[in-house]
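Listed here are the chains, written in short residue letters.
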Amino acid sequence: MLSTVSRIRGQARTMGYPQTEAMLGECMLFYGQELGATSEFGGALMAVGGALQQVSQAKDILDVSIKQTFIDPLQELQRSEMKEIKYQLKKVNGRRLDFDYKKGRRGKVAAEELHLAWDKFITSKELAERSMFVLLQSDVDRIGQLDALIAALLGYHCNAQRILLGLQGDLQARLTAASNKPARRFRSRKIQVGDDHSGTVGFYHQLSAAAPRSSGKQFMVVPSKPGSPISSYADCGLVLNQPCCRAMYSFMPNREGELDFSEGDIIILTGQVDSNWYEGTLRDRSGLLPVSYVDVLVPLPLP
């Protein structure tokens, strides 16, 4: 706590032990920025990280308040009144021993000296009792310090509640916005392929970016390297104005009627059996193919 107060006042040479809220908030802000503002989860992470840092700042204010209203008065009590009481008690004990010693040597010690030792003992005892009486009578000050401590804690928790309630409302709004967004379907990005013979570069596009609309046939020419995953269809000039898909993985049939294909093959779609299976044609072969193994380039017409 003292390190935190010194850091706030600018008196600390080194950073004190960091608070857990600040550490977690900094981590969330970093990774939220990495995800970017377009990500709903990234935006939510940044919102939570900012709120946690505000909670950390509220806790810093709590530390300063407790230091000023509770710890400093207790330290002053220890340095002044408690120190004075300890001194008086030590003095009383010494004078009591001195009086007992002289009393034991009665007859060898003058009566005046014995009375003086007694008077000193009584005086020290009264001073010690008065110091303890003053300490015990300062109930108002002590209770006031406890009240200040609880007030500081209450203020911190009120601030934390206000921050977290605002954060909860923001997260609920983000959750509603994310739930209302239309579902997105995965689309692989274009593949850049180099041609060994001409040195030109071709791009593999989805239909929306493959070719302009025209009344004639539409072809996609993709120069490719021999032996590449797309070499089996890149040089054949497939017509992409009909329903088709690209194989994302190789597939080996498990039963009769299924179509085997390799990664990168372009398959002509002829129909859809259900949500899990398409019907398609690859070269001179036809059969069923799993939906999860392909990326649709040109969708089937709606029924």
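Criteria and cut-off values
- Residues numbered from 1 in each chain as written.
- Predicted model: local features only at pLDDT ≥ 70, side-chain atom pairs only at ≥ 80, totals over all residues.
- Heavy atoms only, no water.
- Helix = DSSP H or I, 4+ residues; strand = E, 2+ residues; numbered from the N terminus.
- Contact = heavy atoms within 4.5 Å.
- Expected span 1.5 Å × (residues − 1).
- Buried < 20%, exposed > 50% of the residue type's maximum accessible area, 1.4 Å probe, protein only.
- Axes fitted to C-alpha atoms, helices over the stretch in contact; angles between N-to-C directions.
- Parallel < 35°, antiparallel > 145°, perpendicular 65-115°, else oblique.
- Left-handed = near helix turned anticlockwise from the far one by under 90°.
- Nonpolar A, V, L, I, M, F, W, Y, C, P; charged D, E, K, R; others polar.
- Pairing = 2+ DSSP bridges.
- Phe/Tyr/Trp six-rings, centres within 6.5 Å; stacked < 30°, edge-to-face > 60°.
- Salt bridge = Lys/Arg side-chain N within 4 Å of Asp/Glu carboxyl O.

J.: How do you make sense of the overall build of the protein when you look at a structure like this?
T.: Within the protein one finds 7 helices and 7 strands. Along the protein, from the amino end to the carboxyl end, the secondary structure elements read α-α-α-α-α-β-β-α-α-β-β-β-β-β. Long-range contacts, defined here as pairs at least 24 residues apart, represent 54% of the contacts in the protein between residues at least 6 apart.

J.: Can you walk me through helix α4 (residues 111-136) in this structure?
T.: Note on helix geometry: an α-helix contains 3.6 residues per turn, so any two residues three or four positions apart are oriented the same way. Between its terminal C-alpha atoms α4 stretches 37 Å, which fits the 38 Å expected from 26 residues at 1.5 Å a residue. Those residues of α4 that fall on the buried side of the exposure criterion are L114, A117, F121, S124, A128, S131 and L135. Buried positions along α4 lie against α3 (40-104) and α5 (139-180).

J.: Hey, could you run me through the packing of α3 against α4 in this one?
T.: Put simply, α3 and α4 touch, their axes get as near as 8 Å, and they point 155 degrees apart. The orientation of α3 with respect to α4, classified from their angle, is roughly antiparallel. Viewed along their axes, α3 and α4 form a crossing whose handedness is left-handed. Taken together, the residues of the contact of α3 with α4 break down into 14 nonpolar, 3 polar and 11 charged.

J.: I tried to follow the environment of T270 on my own but got confused; where do I start?
T.: Note that T270 resides in strand β4 (residues 266-272). Along the sequence, T270 and S286 sit 16 residues apart, while their C-alpha atoms lie 9.2 Å from each other. Here T270 is in contact with E279, G280, T281 and L300, once residues within four sequence places are set aside.

J.: Help me out: how do you make sense of the sheet that holds strand β5 (residues 277-282) in this one?
T.: Hydrogen bonding along the main chain pairs the strands of a sheet, whether they run parallel or antiparallel. In spatial order, the strands read β6-β5-β4-β3-β7; together these 5 strands make up an open sheet with antiparallel pairing. The open sheet has two edge strands, β6 (285-290) and β7 (294-298), and neither has a second partner. Each neighbouring strand pair of the sheet contributes to a mean axis angle of 40 degrees, computed without reference to strand direction. Both strand β3 (residues 244-247) and β4 contribute to a ladder of 3 bridges, which runs antiparallel. Residue pairing for β4: C244 is matched across the bridge by I268.

J.: Could you clarify how one ought to interpret the packing of helix α2 (residues 20-35) against α3 in this entry?
T.: Two quantities define a packed helix pair, namely the angle between the axes and the distance from one axis to the other. Two numbers describe how α2 lies on α3: the axes approach to 7 Å, and their chain directions differ by 155 degrees. It follows that α2 is roughly antiparallel to α3 by the angle criterion. Viewed along their axes, α2 and α3 form a crossing whose handedness is left-handed. Residue-level contacts link E21, A22, L24, G25, E26, M28, L29, Y31, G32, Q33 and L35 of α2 to F41, G42, L45, M46, V48, G49, G50, L52, Q53, V55, S56 and K59 of α3. Class assignment for the residues of the contact of α2 with α3 results in 12 nonpolar, 8 polar and 3 charged.

J.: Just checking my understanding: could you explain α5 for this structure?
T.: The end-to-end C-alpha distance of α5 is 61 Å, a good match for the 62 Å that 42 residues give at a rise of 1.5 Å each. Residues Q145, L149, A152, Y156, A160, I163 and L167 constitute the buried set of α5. Each element contacted by the buried residues of α5 is listed here: α2 and α3.

J.: Mind showing me how you'd approach the pairing of β3 here?
T.: Sheet faces and side chains relate simply in a regular strand, where the side chains alternate between the two faces. The alternating pattern of β3 places C244 and R246 and C245 and A247 on opposite faces, both of which are buried. Pairing between β3 and β7: 4 bridges, direction antiparallel. The partner of C245 across the bridge, within β7, is V296.

J.: Whenever I open this one, unusual backbone geometry confuses me. Can you help?
T.: In this structure, R283 takes a positive phi of about 60 degrees despite not being glycine. Note on placement: R283 falls in the loop between β5 and β6. The class for R283 is exposed, based on a relative accessible area of 55%.

J.: It is not clear to me how the packing of aromatic side chains should be interpreted in this structure. Could you clarify?
T.: Geometry of an aromatic ring pair is reported as the spacing of the ring centres plus the angle between the planes. Applying the stated criterion to the full structure yields 7 aromatic pairs. Measuring from ring centre to ring centre gives 6.4 Å for F251 and W277, while their planes differ by 70 degrees; the resulting arrangement is edge-to-face. Of this pair, F251 sits in the loop between β3 and β4 while W277 sits in strand β5, placing them 26 residues apart in sequence.

J.: So what exactly am I meant to see when it comes to the pattern of salt bridges here?
T.: Note on pairing: side chains with opposite charge can pair once their charged atoms come close. For the structure on display, the rule yields 10 salt bridges. Residue R96 pairs with D100 through a salt bridge whose shortest N-O separation is 3.3 Å. You can see R96 and its partner D100 sitting in helix α3, 4 residues apart, about one turn around the helix. Under the relative-accessibility criterion, R96 is labelled partly exposed at 35%. A salt bridge links E258 to R255; the nearest nitrogen and oxygen atoms lie 3.2 Å apart. Owing to a relative accessible area of 11%, E258 belongs among the buried residues under this scheme.

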